[in-house]
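Fold and geometry: a report
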Amino acid sequence: MTREAIQPFIRNAWYIAAWSEELDDGLLARTIMNEPIVLYRDADGTPGGLEDRCCHRGAPLTHGTIVEAGLECGYHGLTFDTKGNCVRIPGQKNIPPQARVRSYPVVERDQILWIWMGDPARADETLIIDYPYHDQPGEWPHRKAMFPIKANYMLMIDNLMDLTHLGYVHRQTIGGNPGQHVAADMDTRQTDHGAYFIRWMLDHDPPPTYRKGGKFEGKVDRWQEFEYVGPSIVLQWSGALDVGRGAQEDRNKTGFHLRLLHGATPETETSFHYFWSTANGYRQDDPQATQEMYDEIYPTFIEDKEIMEAQQARVNLDPERALVGIHADSALSLARLSLAKLIEEDRNMMAVAAE
Ligand code: FES
Ligand SMILES: [Fe+2]
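Here the structure is a predicted model, which is why all the values come from computation and not from measurement. (Residues numbered from 1 in each chain as written. Chains lettered and ligands numbered in written order. Predicted model: local features only at pLDDT ≥ 70, side-chain atom pairs only at ≥ 80, totals over all residues.)

Observations concerning the pairing of strand β3 (residues 35-41)
Within a regular strand, side chains alternate between the sheet's two faces. Which entries qualify depends on this criterion: Three classes are used. A residue is buried when 20 or more other C-beta atoms lie within 10 Å of its own, exposed when 12 or fewer do, and partly exposed in between, with C-beta atoms placed from the backbone. Labels follow the DSSP assignment, with helices taken as runs of H or I lasting at least four residues and strands as runs of E lasting at least two, numbered in each case from the N terminus. Any two strands with at least two DSSP bridges between them are considered paired.
A large share of β3 lies buried, amounting to five of its seven residues. As judged from the five bridges shared by strand β2 (residues 28-32) and β3, these two strands associate in the antiparallel manner. Paired with I32 across the two strands is E35, which belongs to β3. Between β2 and β3, which pair antiparallel and follow one another directly, the connecting turn spans two residues, one of which, M33, has a positive phi of 50 degrees. Sheet analysis places β3 next to strand β4 (residues 47-51), joined by five bridges and oriented antiparallel. In the sheet register, V38 faces β4, and the bridge partner there is L50.

A closer look at the sheet that holds β3
Reading across from one edge, β2-β3-β4-β9 is the order of the four strands in this open sheet, with antiparallel pairing throughout. Every other strand in the sheet has two partners, leaving β2 and β9 (103-104) as the edge strands with one partner each. Bridging between β4 and β9 involves two bridges; their strand directions are antiparallel. Across the sheet, the residue bridging to G49 is Y104, located in β9.

With respect to the packing of helix α1 (residues 153-161) against helix α6 (residues 287-315)
Under the convention used in this document: Fitting a line to C-alpha atoms yields each axis, with helices limited to the stretch in contact; the angle taken between N-to-C directions then spans 0 to 180 degrees. Reported orientations rely on four angle classes, namely roughly parallel under 35 degrees, roughly antiparallel over 145, roughly perpendicular from 65 to 115, and oblique for the rest. Should the near helix be turned anticlockwise from the far one by less than a right angle, the crossing is termed left-handed; should it be turned clockwise, right-handed. Throughout, a residue-residue contact means that the two C-beta atoms, derived from backbone geometry, are no farther apart than 7 Å. All residues other than Ala, Val, Leu, Ile, Met, Phe, Trp, Tyr, Cys, Pro, Asp, Glu, Lys and Arg, Gly among them, are scored as polar; the first ten of these are nonpolar and the last four charged.
Orientation of α1 relative to α6, taken along the N-to-C sense of each, is 125 degrees, at an axis distance of 10 Å. Classified by the angle between their axes, α1 and α6 sit oblique to one another. In this structure, α1 meets α6 at a crossing whose hand is right-handed. Taken together, the residues of α6 that come into contact with α1 (itself represented by L155, M156 and N159) are D304, M308, Q311 and Q312. Within the contact of α1 with α6, the residues separate by chemical class into three nonpolar, three polar and one charged.

As for the nonpolar core
Heads up, the rule is: Working definition: the nonpolar core is a set of buried Ala, Val, Leu, Ile, Met, Phe, Trp, Tyr and Cys residues, joined through C-beta atoms within 7 Å. Domains are outlined according to an automatic or database domain assignment.
Ranked by internal contacts, the top residues of the largest apolar core, which has 79 residues, are A17, I115 and M156. The element best represented in this core is α1, accounting for seven residues. Both domains that furnish three or more residues to this core are identified here as domain 1 (37-105) and domain 2 (132-346).

Here is the structure:
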């Protein structure tokens, strides 16, 4: 079990580098695992990720421009393709083989740019999770966001895998009564790639966000289903139906439900990029419903950001000190167990790559 707050990077995995729409304005600078990266689209729209440091004099390539042949450095005009090869040096024909920059495998899928930070030979695209909802605006209209958070990425996973914090951190928003959260009926299990839980709060007062979004008048049966797909993704499906509508038998009935994608991409050991999107499975033809839910969730996640940053500041005083587990941590513990396995596997892969 990994009880320390600060967990090491796992390189051989896919991470969210950016939302597709973040490249609409051109070059994007983003540090991932302490490595400055430039993300961009080349002239035909193919996305690329290169080390944000020109091999000539070290200028950041984010100061450059997209030209027909690739990404042209803004200092002396060396141009690189998406594989990191230098394809043009102004004033000379011969391009030395060492004139190249590191390139990262980048795959665009479901309006997400996924990046592989490990051995490129292991970048297996079939390992990328499917998230079809971003491309289903009729059924799942959505909004996306990204917050920088000053905490180790695993504090985010801990946060999502222990929802008893809702009654405390989010008392004013999605939370509701702390006692009902602690008493929620929980079904937790380990999966091949992480951990899963579903919790039910039956015959429960809808929290303010649900009352507004779902227009509930009485009590509801509320569920929260979370799946951690290690190392950095959590898939969420939450909702509620009026008591008596058989929510436990069929959650797909017309009612109030949401799908959220959470991605915690490490920036440094003590900071990460928090990508989240929220899709509403109700009032789909009403753009106001999507906006309202986004406006409700946004301050909730700011509450999470604040508690995690405060937590990290304390952890920084004594980073090695182990954290104490409690009963409510059952899903969190399974997530960390699978993380420990991923760390071990990644170490072995990195050792092989270094040989
Ligand atoms: S530093 Fe990039 S071309 Fe000189
Ligand atoms: Fe939270």
